[in-house]
Amino acid sequence: MFLLFGIQEPSYGEARDCSHYIFYRCDGIGAHAFYRPHIMVLESGMEAVYYRRVDQYPYGRGFKNTVHSILNADKVIHEYGGYGKFFKDQFLPQKTGAFAPNWGWHLLGGGFRARLLEEYYSHNGIENARLWSWLTLYLGHFGNEAAQAEKADHGTVDAIADLMFFDWAGKVLFSYDGFANFFSQTLHLKEWTYQMSYDPRNNRLVNNGQQYWLRVPLTDHFSVSMLTGNMHNSVSFTVNNDYQQQWTLGVGLKPEAITWKKKEAKSNATSYSIMMAYSERDNPIVTAFYQDNTNLVTSAGGELDEFDDISKSRKFIVNIYPKWISLNEKKLGMTFGYLYGGYFLGFTTGDAPFGLVAHTGAEDRFMDDF
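Overview of the structure.

Conventions used here
Residues numbered from 1 in each chain as written. Predicted model: local features only at pLDDT ≥ 70, side-chain atom pairs only at ≥ 80, totals over all residues. Heavy atoms only, no water. Disulfide = S-S within 2.5 Å. Buried < 20%, exposed > 50% of the residue type's maximum accessible area, 1.4 Å probe, protein only. Helix = DSSP H or I, 4+ residues; strand = E, 2+ residues; numbered from the N terminus. Pairing = 2+ DSSP bridges. Patch = residues over 30% accessible without salt bridge, like charges linked within 9 Å, V, L, I, M, F, W, Y side chains within 5 Å. Areas by Shrake-Rupley, 256 points an atom, 1.4 Å probe, with all protein chains shown as cover. Salt bridge = Lys/Arg side-chain N within 4 Å of Asp/Glu carboxyl O. 1 Å grid on protein atoms, 1.4 Å probe; cavity = no way out; pocket = protein on both sides within 12 Å on 5 of 7 lines; lining within 4 Å. Points joined across faces, edges and corners; volume = space filled by probe spheres on them. Nonpolar A, V, L, I, M, F, W, Y, C, P; charged D, E, K, R; others polar. Polar contact = N/O pair within 3.5 Å; in protein donor to acceptor, adjacent residues only side chain to side chain. Axes fitted to C-alpha atoms, helices over the stretch in contact; angles between N-to-C directions. Parallel < 35°, antiparallel > 145°, perpendicular 65-115°, else oblique. Left-handed = near helix turned anticlockwise from the far one by under 90°. Contact = heavy atoms within 4.5 Å.

Here's the deal with the state of the cysteines
- Here the structure, examined in full by the defined rule, presents 1 disulfide.
- With a sulfur-sulfur separation of 2.3 Å, C18 is cross-linked through a disulfide to C26. Because the torsion about its S-S bond is -110°, the bridge between C18 and C26 counts as left-handed.
- Relative accessible area serves as the criterion here: at 4%, C18 is assigned to the buried category.
- The exposure class assigned to C26 is buried, which follows from its relative accessible area of 7%.

What follows is the structure in structure tokens.
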């Protein structure tokens, strides 16, 4: 849909003022450069692929399982244990942990991005901007569920909860200006997307995923903030000066070692991470993430699946967002670091659906085809 749609955007230098929008910004600086439909669809739809080969990932199987879940929702829920267990596990705090991404990433994150894309379409003169935004985001949401449902041969209640409630409800909530303004002005909600890049040597994606930022000011110069997404979670402390330049340090835990039990994906281990960032008016300019390979928490009786366990590889990723680097008057982003036993370096631009990266290789178990 987004490839055939063919939106003709004005260049950043000629872009009409967009400061009146609640979330959308069109200056092409920082993460704003990636406020594009095709990038958001790929980032959300492909983040669950992690570092697996994109040409051999079982998308068809995941697509079939997701469609089966939606078309046979009542049957899948009863096989799961009934509506009581379904609502308890998906909507309330439980050991499965499903409620956190459901409420946080799907309802709030999905609704926020739907409003952002609606403003993007409006800015570019597209009629029925809300409809296009909802369709675009549902394309990404469905891709995300399909990527996670490769082993859900009998259906997955997670896809039912996300696609039939949380993703939809979030879009409705953020369609109200008062609700959206509260998150924008009071909580400083922003999209801090990764810079997804393609590694042609290994036919894999590097640095892919979505995350969003929230900040609550304590004083004029100090704030408590949070950055959360599929690849990183942290609670942070932010310092800023009078020119709205911000420096952030955060620590957090990240679920790892995904295994399948009782037809649902569960995390059996957690590793810790550290984040540092320089941002301007809540817009990231430089971010650095470090994730340790030590499992701090292992669920009782949990069985780790080597092919799904991505927690035992130390990661260090630096993102320099478009601002300082230019080529032919085009602002470029840069990403580099250490990932899965090898070093990588790449460049990105908001004009392309993904960047290109060179990677030295990885540990054998990550290089093997799944």
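Past the structure itself, the notes keep going.
Thoughts on the pairing of strand β13 (residues 355–359)
- Of the two faces of β13, only one is covered, namely that formed by G355, V357 and H359; the face formed by L356 and A358 stays uncovered.
- Pairing geometry for strand β2 (residues 197–199) and β13, over 2 bridges, is parallel. Bridge pairing links S197 to G355 in β13.
- Remark: 6 residues form the turn of the hairpin made by strand β12 (residues 342–348) and β13, two consecutive strands paired antiparallel.

Here we look at a nonpolar patch on the surface
- Together, L218, F222, V224, M226, V235, F237 and V239 give the surface a local cluster of nonpolar side chains, amounting to about 570 Å² of exposed area.
- Structurally, V224 is set in strand β5 (residues 222–229).

Thoughts on the pattern of salt bridges
- In total, this model carries 12 salt bridges according to the counting rule given.
- With its nearest N and O atoms 3.2 Å apart, the salt bridge here joins E118 to R130. Highlighted residues: E118 in helix α6 (residues 99–123) and R130 in helix α7 (residues 129–148), separated in sequence by 12 residues.
- Residue classification places E118 among the buried positions, given a relative accessible area of 14%.
- As a salt-bridge pair, D351 and K330 come within 3.1 Å of each other at their nearest N and O atoms. Of the two residues, D351 is situated in the loop between β12 and β13 and K330 in strand β11 (residues 330–339); the sequence distance between them amounts to 21 residues.

What about the layout of surface pockets?
- Approximately 410 Å³ is the volume attributed to the second largest pocket.
- Contributing to the lining of the second largest pocket are 21 residues, with R25, H32, K190, R281 and D282 lying nearest its centre.
- Those elements that provide at least two residues to the lining of the second largest pocket are α6, α9 (177–186) and β1 (190–191).
- For the lining of the second largest pocket, the leading source of residues is α9, giving 3 residues.
- Broken down by class, the residue content of the lining of the second largest pocket amounts to 8 nonpolar, 6 polar and 7 charged.

Describing the environment of H221
- By the element assignment, H221 lies in the loop between β4 (211–217) and β5.
- It is 5.0 Å that separates the C-alpha atoms of H221 and N240, two residues lying 19 residues apart in sequence.
- At 2.9 Å, the side chain of H221 and the backbone oxygen of N240 are in polar contact.

A few points about the packing of α7 against helix α8 (residues 157–174)
- Where α7 contacts α8, the axes come no closer than 11 Å and their chain directions differ by 155°. When the interaxial angle is binned, α7 and α8 end up roughly antiparallel. The two elements α7 and α8 cross, and the hand of that crossing is right-handed. Contacts between α7 and α8 involve W134, L137, Y138, H141, F142 and E145 from the first element and D158, A159, D162, L163, D167, W168, K171 and V172 from the second.

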